[in-house]
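Chain by chain, the residues run as shown.
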Amino acid sequence: MRRTVAVVTAIVLFGEAVGIVLVNAVLATVVGNQRMSLAGVDPDAMSTGTWVLGGLSGVLLVLCGLIPLVAAVRDRAPGRLARIALIGCAVVHGVLGALAVGLVGWAAFAVMMAVLGLLVLTLVSYGSREPDSTAGAPAAA
């Protein structure tokens, strides 16, 4: 079960990476074509910044997607830094979900919470990487 959850989490994060890059590409194109300034900021700088943000967000989501994929292939819990990255990704999805309610609507909130749920389920299903210290110890008499 946990392998399936990890693979689904990885696929969803990969799909989200593609989606975020495409959305930022559309935004960068629109900003570049309008040639309008926002508070005196150069339109080229805004367009370039949007491209960079989209690419960086996509790369980070792909890297976060590789963590559960590798965990599923190895059937081992991710390491400490990988768990921290997944926790950070979950926190970002929670905050973006809260913002999405007001800005986009409840459907976007539901999608963000579904991804958050997959991330948390992946983290919980694999548990800790350290072995249980009482596993091999003899029972106290």
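Here, the structure is the one placed above.
Reading the values: the criteria
Residues numbered from 1 in each chain as written. Predicted model: local features only at pLDDT ≥ 70, side-chain atom pairs only at ≥ 80, totals over all residues. Heavy atoms only, no water. Helix = DSSP H or I, 4+ residues; strand = E, 2+ residues; numbered from the N terminus. Expected span 1.5 Å × (residues − 1). Buried < 20%, exposed > 50% of the residue type's maximum accessible area, 1.4 Å probe, protein only. Contact = heavy atoms within 4.5 Å. Phe/Tyr/Trp six-rings, centres within 6.5 Å; stacked < 30°, edge-to-face > 60°.

*Asks:* Outline helix α3 (residues 80-103), supporting the account with residue identities and numerical values.
*Replies:* Over its 24 residues, α3 runs 34 Å from end to end, which matches the ideal 34 Å to within 8%, given 1.5 Å per residue. Here α3 has its buried residues at Leu86, Cys89, Ala90, His93, Gly97 and Ala100. Buried positions along α3 lie against α1 (2-34), α2 (43-74) and α4 (106-126). Residue glycine 105 follows α3 closely and has a positive phi angle near 135 degrees.

*Asks:* With reference to specific residues and values, describe unusual backbone geometry.
*Replies:* With phi around 55 degrees, aspartate 75 is a residue other than glycine that occupies positive phi space. Mapping aspartate 75 onto the fold places it in the loop between α2 and α3. Owing to a relative accessible area of 29%, aspartate 75 belongs among the partly exposed residues under this scheme.

*Asks:* Outline the packing of aromatic side chains, supporting the account with residue identities and numerical values.
*Replies:* For the structure on display, the rule yields 1 aromatic pair. A ring pair is formed by tryptophan 106 and phenylalanine 109, whose centres lie 5.4 Å apart and whose planes are at 85 degrees; its orientation type is edge-to-face. Remark: phenylalanine 109 and tryptophan 106 occur in helix α4; sequence separation between them is 3 residues, near one turn of the helix. For tryptophan 106, a relative accessible area of 61% gives the class exposed.

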